[in-house]
Amino acid sequence: MRARLGRPDLARWAHLADVPVAESDSPLRVAWLGVSTIHVADGRSALLTDGFFTRPSLLKVGLGSFAPDPARIDEALLLADIDRLDAVLPVHTHYDHVMDSATVAMRTGAVVVGGSSAAQVARGHGVPESRIVAATPGEPLRLGAFEVTLVEGSHCPPDRYPGRIEAPVPRRAGVRAYRCGEAWSTLVRHLPSGRRMLIQGSAGCVPGALEGHRAEVAYLGVGQLGIQDEAYTQTYWDETVGRVGAKRVVVVHHDDFFSPLTAPMRALPYAGDDLGVDDGAPRSLRRARRRTPLVPHAVAAQRPLGLIPGPDPWT
């Protein structure tokens, strides 16, 4: 029996970390920046989901209240070469997704896009109403060179802080202030190239919600997926990767988000999840997978379709 404080060895996933690296002049680049923070840019427009960079320690989270750390946020933006964004899109409003979204938006000139809960966090953190965009589920939004559609999703069980946020959240707050709010399946279409991607920030889904939508790449959150049963995992795969017909799957939300982004990447202890490795793939996807998931390098800009035979559609 594994020690509950032991951790999956991410080094065993090294052979999966082969998403092609984007050159500086690549027309479309995607970078994973921990948890479900994903940067998509084409040189003139850029989007960011979540923007969670403070990553407070477990001790700070457990002691009560915490606040966005401007120094860590600036460091992460510098490392990722982000100086301007068209939009920041929280995938839901737990603290490990939304707590830095407003600060990142104000530093990069972005709007905050999401549901009513994300709007309440943005207001409480000082974002003016003119830079808060309320999304209508299923309705495309034009954001720079991208079209984004937020489709109703759900959080992976257990959701320890369910419900919507009904009042502005102050910058210094406790974990309970960040209720889940609206959880989204985020569909991004790059208008110049027509390329499409799905960002599934939490390992939950609404059956049938993605019907009729397509994406070549799925960035698939696997946090807490390792403690679900086989039927749940299969349904999650079918209702995300299967529904959109993704050719590539890139695993995200598998990291220990209590450590800084600049620290060596590691997994959460088995007490919180069990990612595991089985037959060359994360254990949580071993039965469901029909294509081998890839594990991205943190911060590095990549071309996730570069391994598909034929011309790389992301260049």
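Residues numbered from 1 in each chain as written. Predicted model: local features only at pLDDT ≥ 70, side-chain atom pairs only at ≥ 80, totals over all residues. Heavy atoms only, no water.

So, the confidence of the model for the chain
Then, in step 1: Residues of the chain with pLDDT of at least 70 account for 82%, and the chain-wide mean is 87.
Then, in step 2: Low pLDDT, under 50, characterises residues 307-315; the predicted model gives this stretch 23 contacts beyond four residues in sequence or across chains. (pLDDT = per-residue confidence, 0-100. Contact = heavy atoms within 4.5 Å.)

A word on the sheet that holds strand β9 (residues 146-152)
Then, in step 1: What the 6 strands build is an open sheet, ordered β8-β9-β11-β12-β13-β14; its pairing is mixed. Each having just a single partner strand, β8 (141-143) and β14 (248-252) make up the two edges of the open sheet. Averaged over all neighbouring strand pairs, the angle between strand axes comes to 25°, with direction disregarded.
Then, in step 2: Where helix α6 (residues 230-244) meets the sheet, it contacts β11 (184-190), β12 (196-200), β13 (217-221) and β14, and its direction lies at approximately 160° from that of β13. (Pairing = 2+ DSSP bridges. Helix = DSSP H or I, 4+ residues; strand = E, 2+ residues; numbered from the N terminus. Axes fitted to C-alpha atoms, helices over the stretch in contact; angles between N-to-C directions.)

Brief notes about the pattern of salt bridges
Then, in step 1: All told, the structure shown has 10 salt bridges when counted by the stated rule.
Then, in step 2: Measuring nitrogen to oxygen at the nearest pair gives 3.3 Å for the salt bridge that ties Glu-147 to Arg-189. Remark: Arg-189 occurs in strand β11 and Glu-147 occurs in strand β9; sequence separation between them is 42 residues.
Then, in step 3: Arg-243 serves as the salt-bridge partner of Glu-239, at 2.8 Å between the closest nitrogen and oxygen. (Salt bridge = Lys/Arg side-chain N within 4 Å of Asp/Glu carboxyl O.)

Brief notes about the layout of surface pockets
Then, in step 1: Put simply, the largest pocket is a space of about 710 Å³.
Then, in step 2: Lining the largest pocket we find 30 residues, and of these Arg-160, Gln-224, Phe-257, Phe-258 and Leu-268 sit closest to its centre.
Then, in step 3: Listing elements by their share of the lining of the largest pocket, those giving two or more residues are α1 (58-63) and α3 (95-98).
Then, in step 4: At 3 residues, α3 tops the list of elements feeding residues into the lining of the largest pocket.
Then, in step 5: In terms of residue class, the lining of the largest pocket is made up of 14 nonpolar, 9 polar and 7 charged.
Then, in step 6: Volume-wise, the second largest pocket comes out at about 310 Å³.
Then, in step 7: Considering the residues around the second largest pocket, the lining is formed by 20 residues, among which Arg-29, His-39, Ala-41, Ala-46 and Asp-81 are closest to the centre.
Then, in step 8: Ranked by residue count, the leading element in the lining of the second largest pocket is strand β1 (residues 29-32), at 3 residues.
Then, in step 9: In the lining of the second largest pocket, the residues fall into 10 nonpolar, 3 polar and 7 charged. (1 Å grid on protein atoms, 1.4 Å probe; cavity = no way out; pocket = protein on both sides within 12 Å on 5 of 7 lines; lining within 4 Å. Points joined across faces, edges and corners; volume = space filled by probe spheres on them. Nonpolar A, V, L, I, M, F, W, Y, C, P; charged D, E, K, R; others polar.)

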